[in-house]
Amino acid sequence: MYVNKHLQNFTNIYGHLYRRKKMQGNCILEMTDIEKRFEGTHALKGVSAALRKGEIHALVGENGAGKSTLMNIVSGVIRPDAGKMYMAGKEVHFSCPNEAQAAGIGFVHQELALCHDLSVGNNIFISHLPNKHGFVNTEVLNRKSREIIGKFGKSGQGIDPAAPVSSLSVAQQQIVEIAKALSMDCRVLIFDEPTSSLNEEEAAELFAVIKKLAAGGMAVFYISHKMDEIFSQCDVITILRDGSLIETVRVSDVSSEYVVSKMVGRELGSLYPGKSVNRGEEMLRVEDLSRSPKFRGISFSTYKKEILGLCGLVGAGRSEIARAVCGIDRIDRGRILLEGRQVNVRSCKEAANAGICYLTEDRKADGLFLDMSLSENMIAPQLNRFSSHGFISGKKISDVLMYYKKLMRVKFSEPQQPMKSLSGGNQQKLMIAKIIAMHPKVVFLDEPTRGIDVGAKAEIHSLLRELSDKGISVVVISSEMPETVGICDRVVIINNGTKIGELSGKDLTQERIISKISAADEVMVKGGL
Amino acid sequence: MLNKNGLTENLNLQKIKSVKELSVSVVLCVLLLFASLISPAFFSGANLKTTAVGFSCNGIIAIAMTLALVSGGFDLSVGSILGLSSISVVVLANSGVPIGIAGLFGCLVGVLCGLINGFLIGYVKLNAFITTLGMQQMARGLIYVLTNGGSVGLKPEAGVNAFRFIGSGTVGGFPVLVIVFLVFSVLGDIVVRKSSIARNVFFVGSNEKTAMLSGINTKFVKMMVYTLTGTLSGIAGVLTLSRFGTATASTGSGVEMTVISAAVVGGVSLSGGKGTVAGAIIGIILLSIITNILVIMNVSVHWQNFITGMILILAIIFDALSNRKRH
């Protein structure tokens, strides 16, 4: 499995030669001078782009740069104020998603947009169910669905057209999303951050599928924040900033630093702050922590002025360990010592009171109240502190909010605006602020930079370093290996629920982590597991 | 490995699903058995006929309510629309309009109320709870205006007897109303299960945004759902009138709760996306048989309400537990 990954890197280097050839295909979709204004904002300022047959075309830009608006125009969800769109040389106007689909444009949405209660087949053919005299022809539906899923080869195996979507894994649901687009004979496929909820293996499978489609002549628009993905998979990059087209470049002609600097409009310093100079005294000690069947015998310590990483593959038990230490999940055995004293945490409230806090990995599902105001979100975990005589004190809240606005460089206009009006990066910063405002001693941050753009990422990284320097013990869980290596001073490696090692200083490299994990896997294979 | 897991999960799912449909039917059978043990009167032709005639009109509304629930909403105005339709037919017929035309007008009242609900919920994007609650009050208000708070009977004019035959006549000993109900339910079940149009309602209820992005006209789908609940309530109103020959100020009151309860008992999901007409119909039958048994056992009317409510909550608990097993 790991050999495969290395092989893949190898082929990527030579892939450019192969892709050059493909670049000569003809233009299938062209947009010229697209303009769009929403109330108050100029979302797109005369953007032009062209997509060729068989091309994988990345669309990059910070949150709010206009990527989604542009793709929504292409797929007929919104109409442009000005500008023209051509498909295969003919001018087209889409006034609703139906028309765009009919013209051959498929959209694979970021948030898997499937009807979970309905079968795979129903989802694939949602807009054009095969019917006979007004009744759905289930037999044809399942047969045709099976044909389309068959195109995905290995990745599509095990997807039963009659099974409800809710029974599929996330990766399989992604396949269904793509199948949905393919069922309409599309010529252009738009992917909006398709790998954000996939692990590395699943992502690799998805890329194989996308490559296969492109080789068959499909033109692909690919929105992503992940530079390594773009540089290994795409042919062309179009960079947007603040609604304007900055540049369209060939992947082979530029470096990722160049693209990032164009995206943010300035030379970005390092994505990662410096490492810790000297770590302080021990803060948290976990001894022999077990929770069957998720993890067993986990021991580690965290220190002041040090950022610790819990690393391992998705599903290794990283989040589960953090959740157990933070009192969210029960433990079977083990001890937790905070500043040398044993603490018994039976709920996340008790843990928070003791000074151990957990930041969830999914801010939309369980991190924030998106419909409520910024200040309400801020006070949710500690209403008492912000109340006097049972009533909520507005003054205290806005003071605290303004303090963190400055500290964390959050961009918002007033405390009363709803959380969902902020960009992902600013939401993430406020979610961290909410935790920090509780004055914790130890914080566990699960995927602290998921789904936010490069600029905000760098800011959150330096923020974490600042917090650590202030004496808070910071523990980070990240599925992005470069981030783990870049920001942590020391990592504890978890594999299949057990600790298989620690790395720090010069030894802390991606290669060392991967070789540790694969060595552990081999032992397991030999051991007959 | 993934594939394997996926498959076994599917199998479990299907099992749970079939168990769910089965369990309501099993409960129904146990009840029937219980009823026959309690009193030989239960299985007498007269009692069965009365019970079946009693739930026929509600059953017709339950067909449409299933779709409203599947779409992720519900309709609280069905009872009042039923009453308004009844009383309009009486008023028109008594003022000399031929009963056939008056009956059609009664159905039209339902269509119109439903269209208004549907337009407000679908296109103006109002909340279904408030919209249909408002419609319930408005229609009930009109009923009071038209009946003066009392009751109005059909005058014995030409054609009235033929009209009354639908609601109270029998064919070969079989009540006509029950036949009408059976025709509606069988058609309704097939259409909801199999037709492409109804499938759109499932898409909207399961994930409205997806449905919209997939090119389904979600506003129109919603409007049609409420138009259908209105229409079937109108038809049920005409049938109710033909059964009793009079409309009162309270005709149809409380029907919405009975019908929604029955649908939920029959496995229709309150959060949308799931449900069958057959389930809702079994639910209706189940609830009326329970009431019937209580009547036979001489249990007071007030306890009947209590028990109906308890069954509703038990049904939701069952639903929640089987959902939990799934995830």
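Residues numbered from 1 in each chain as written. Chains lettered and ligands numbered in written order. Predicted model: local features only at pLDDT ≥ 70, side-chain atom pairs only at ≥ 80, totals over all residues.

**Q** Sorry if this is basic, but what is going on with the pairing of strand S12 (residues 244-250) of chain A here?
**A** In the case of a regular strand, side chains alternate between the two sheet surfaces. All names here are of chain A. In this structure, strand S11 (residues 236-241) lies alongside S12, joined through six bridges in antiparallel fashion. Note that in S12 the partner of Arg241 across the bridge is Ser244. Here S11 hands over to S12 after two residues, with Asp242 in that stretch at a positive phi of 50 degrees. (Pairing = 2+ DSSP bridges. Helix = DSSP H or I, 4+ residues; strand = E, 2+ residues; numbered from the N terminus.)

**Q** Is there a simple way to explain the sheet that holds strand S17 (residues 341-342) of chain A in this structure?
**A** Two modes of strand pairing occur in sheets, parallel and antiparallel, and in both the strands are linked by backbone hydrogen bonds. All names here are of chain A. The antiparallel open sheet is built from four strands, whose spatial order is S14-S13-S16-S17. Strand pairing shows two members of the sheet lacking a second neighbour, strand S14 (295-303) and S17, which therefore form its edges. The pairing of strand S16 (residues 333-338) with S17 spans two bridges and is classified as antiparallel. Within S17, the position partnered with Leu337 by the bridge is Gln342. Sheet strands in contact with helix H10 (residues 318-325) are strand S13 (282-291), S14 and S16, and its direction is about 115 degrees off that of S13. (Contact = placed C-beta atoms within 7 Å. Axes fitted to C-alpha atoms, helices over the stretch in contact; angles between N-to-C directions.)

**Q** How do you make sense of the interface of chain A and chain B when you look at a structure like this?
**A** Contact with chain A, which involves 29 residues of that partner, is made by 24 residues of chain B. Going through the elements one at a time, helix H3 (97-102) and strand S8 (135-136) of chain A are the ones with two or more residues in the side of chain A that touches chain B. Element by element, the count of residues in the side of chain A that touches chain B is highest for H3(A), at three residues. Among the residues forming the side of chain A that touches chain B, the class breakdown is 14 nonpolar, 13 polar and two charged. (Nonpolar A, V, L, I, M, F, W, Y, C, P; charged D, E, K, R; others polar.)

**Q** What am I meant to see in the domain arrangement of chain A here?
**A** All names here are of chain A. Here chain A is described as being made up of domain 1 (2-104 + 186-264), domain 2 (116-185) and domain 3 (282-369 + 425-526). Computed over C-alpha atoms only, the centres of domain 1 and domain 3 are separated by 34 Å. Opposite the nine residues of domain 1 that make contact, domain 3 presents 10 residues. The leading source of residues in the side of domain 1 that touches domain 3 is helix H9 (residues 256-264), at three residues. Within the side of domain 1 that touches domain 3, the residues separate by chemical class into four nonpolar, four polar and one charged. (Domains from an automatic or database assignment.)

**Q** Mind showing me how you'd approach helix H11 (residues 255-265) of chain B here?
**A** Every α-helical turn comprises 3.6 residues, leaving residues that sit three or four positions apart pointing alike. Residue and element names in this part refer to chain B. With 10 of 11 residues buried, H11 lies mostly within the body of the structure. Along H11, the residues that are buried comprise Val255, Glu256, Thr258, Val259, Ile260, Ser261, Ala262, Ala263, Val264 and Val265. Once H11 ends, the next one or two residues include Gly267, with phi positive near 90 degrees. (Buried ≥ 20, exposed ≤ 12 C-beta atoms within 10 Å, placed from the backbone.)

**Q** Please explain the sheet that holds strand S9 (residues 188-192) of chain A as it appears in this structure.
**A** All names here are of chain A. Taken together, the six strands give an open sheet; going across it, the order is S6-S9-S10-S3-S11-S12, and neighbouring strands pair in mixed fashion. The two strands at the open ends of the sheet, each matched to only one other strand, are strand S6 (105-108) and S12. Across the sheet, the mean angle from the axis of one strand to that of its neighbour is 20 degrees, orientation sign disregarded. As paired elements, S6 and S9 share four bridges and run parallel to each other. By the bridge assignment for S9, Phe107 is matched with Ile190. In this fold helix H6 (residues 170-182) packs onto S6 and S9, with an angle of close to 170 degrees to the strand it touches most, S6. Of the strands in this sheet, strand S3 (56-60), S11 and S12 are in contact with H9, which crosses S11 at around 25 degrees.

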